[in-house]
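Structural overview for review
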Amino acid sequence: MKAIVCEEYAPIDALQYREIEDPQPKLGEVRIAVRAVGVNYPDGLLVQGLYQAKPALPLIPGSEFSGVVESLGEGVQGVAVGDAVMALSLHYGAYAEMVCCPASRLMPLPQDMPFADASALVLAHGTAHHALKQRGALQPGETVLVLGAAGGTGLAAVQVAKAMGGRVIAACSSAEKLAVAKQHGADELINYKDTDLRKALKELTEGKGVDVVYDPVGGKAFGQCARAMAANGRLLVIGFASGDIPSLPVNLALVKEFSVVGVFWGAFTRREPATFADNMQQLFDWYQRGVVSVHIDQQMPLSQAKAALDAVMGRKVAGKMVLLPGA
C-alpha cells in the first residue's frame with residue numbers, strides 16, 4: 001500500500017510518500033480500506049517533533065479517517081467486513097491506503113454521512129464540544145468569543161456554541177474568513193488584524209466582558225482576551241496555532257475573577273470513554289439534523305499530504321482539509 005511516512009522528526013517537506021507493506025490486523029484489530037483522511041494541526045506538530053508525544057519512528061501521521069472494513073483480526077465482534085466506519089481518536093497512522101486499529105476505536109458511519117465528512121468531524125467538533133460542554137460549562141445566553149473562528153476547530157466551536165445557545169463572537173484575520181464564520185452562525189464579527197480586539201470586545205459586551213473564550217491560537221490575542229473576561233468567565237486553552245505559547249499575569253485572574261481552563265481532548269477520550277461516547281452521539285444527532293456541519297475547504301490526493309499540511313500549518317484553510325487515498 002501507499003502511505004505518508006515520517007522517517008525522522010524534521011520539517012514537513014521531509015515526509016515521504018512511498019510503498020510499504022500492507023498491515024495485518026492483530027488480536028482485537030480491524031483492517032480498513034481508507035476512503036478519506038482528516039488533516040489536523042497536531043499532525044504537522046507531530047512530524048516535526050513539536051507535539052507533546054514523540055512516538056517511535058518511523059511513523060505514519062494522521063489521527064482521523066473513514067473507510068470500509070476489509071478484514072478482521074482474531075476476537076473481533078460487532079464489526080463485519082464491508083461496514084463503513086470512522087475512527088475515534090487514534091494517535092497516528094491514518095495517512096495511508098489501509099489502517100489497522102482496535103475495533104474499539106471505530107464507530108459505524110451515521111446514515112447518509114459522506115466519507116469526507118466522517119473523516120473531518122470527530123477531532124474538530126469533538127474538541128469544540130468537550131471544551132464548551134465539560135470544560136467551559138457554557139450556558140444558554142452566555143457570550144462566547146471564538147479565536148481563529150474559520151479554522152477547523154474554530155469553525156466547529158462557532159457551530160457548537162450556537163447549538164448550546166451561546167451568543168457567538170467570531171474573531172478572524174481576514175474578511176474572507178469572517179464571512180465563513182458568519183455563514184456558520186456567528187452573531188458578531190471581529191477582524192483582529194485591523195481592530196483592537198480588547199476594545200471591540202468591551203463594546204460588543206457593553207463593558208461586561210466575555211463569558212467564555214475558545215482559544216486555539218495563543219499569542220498576543222490570549223493576553224487581550226485575559227483583559228476582556230467577565231467575572232466568572234472561562235478562558236479555554238485549546239492550542240497555539242500562532243506558534244507563540246503565551247504567559248498569563250495571574251493577577252488578572254485574581255482581580256477579574258475568571259478561570260483559565262486547559263482542554264486536552266485526546267486525554268479526555270481515553271480517561272472518560274463513556275462521556276466521550278455520549279458527546280459523539282449528540283454530535284451525530286446535531287449533524288443529522290443540520291445543527292452542525294463539516295466545512296471542507298479542499299480535498300486532495302494522499303500523495304499531496306505535504307501541501308495539505310503546509311496549508312493547515314500556515315492557517316490558510318477555512319474549515320477542514322481532507323486527503324483521499326487512491327485519488
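The following paragraphs examine the structure supplied in this document. Everything numeric in this text was worked out from a predicted model, so none of it was measured.

**Looking at the sheet that holds strand 9 (residues 167-172)**
Ordered by their spatial adjacency, six strands build an open sheet running 10-9-8-11-12-13, and the pairing between neighbours is parallel. Both edges of this open sheet fall to strand 10 (188-191) and strand 13 (259-262), since each of them pairs with a single strand only. If you compare each strand with its neighbour and ignore which way they point, the axes differ by 20 degrees on average. Two strands pair when backbone bridges link them, and strand 8 (residues 143-147) and strand 9 are joined in this way by five bridges, in the parallel orientation. Paired with T143 across the strands is R167, a residue of strand 9. Helix 5 (residues 197-204) rests against strand 8, strand 9, strand 10 and strand 11 (210-215) of the sheet, and its axis sits at about 165 degrees to strand 10.

**Side note on the layout of surface pockets**
Roughly 390 Å³ of internal volume is contained in the second largest pocket. Y92, G93, V99, C100 and C101 are, among the 18 residues lining the second largest pocket, the residues nearest its centre. The greatest single-element share of the lining of the second largest pocket, amounting to four residues, is contributed by strand 6 (residues 98-102). Here the residues of the lining of the second largest pocket sort into 10 nonpolar, four polar and four charged.

Each value, and the rule that gives it
- Residues numbered from 1 in each chain as written.
- Predicted model: local features only at pLDDT ≥ 70, side-chain atom pairs only at ≥ 80, totals over all residues.
- Heavy atoms only, no water.
- Pairing = 2+ DSSP bridges.
- Helix = DSSP H or I, 4+ residues; strand = E, 2+ residues; numbered from the N terminus.
- Axes fitted to C-alpha atoms, helices over the stretch in contact; angles between N-to-C directions.
- Contact = heavy atoms within 4.5 Å.
- 1 Å grid on protein atoms, 1.4 Å probe; cavity = no way out; pocket = protein on both sides within 12 Å on 5 of 7 lines; lining within 4 Å.
- Points joined across faces, edges and corners; volume = space filled by probe spheres on them.
- Nonpolar A, V, L, I, M, F, W, Y, C, P; charged D, E, K, R; others polar.

Purely spatial values, then, with no claim about function.
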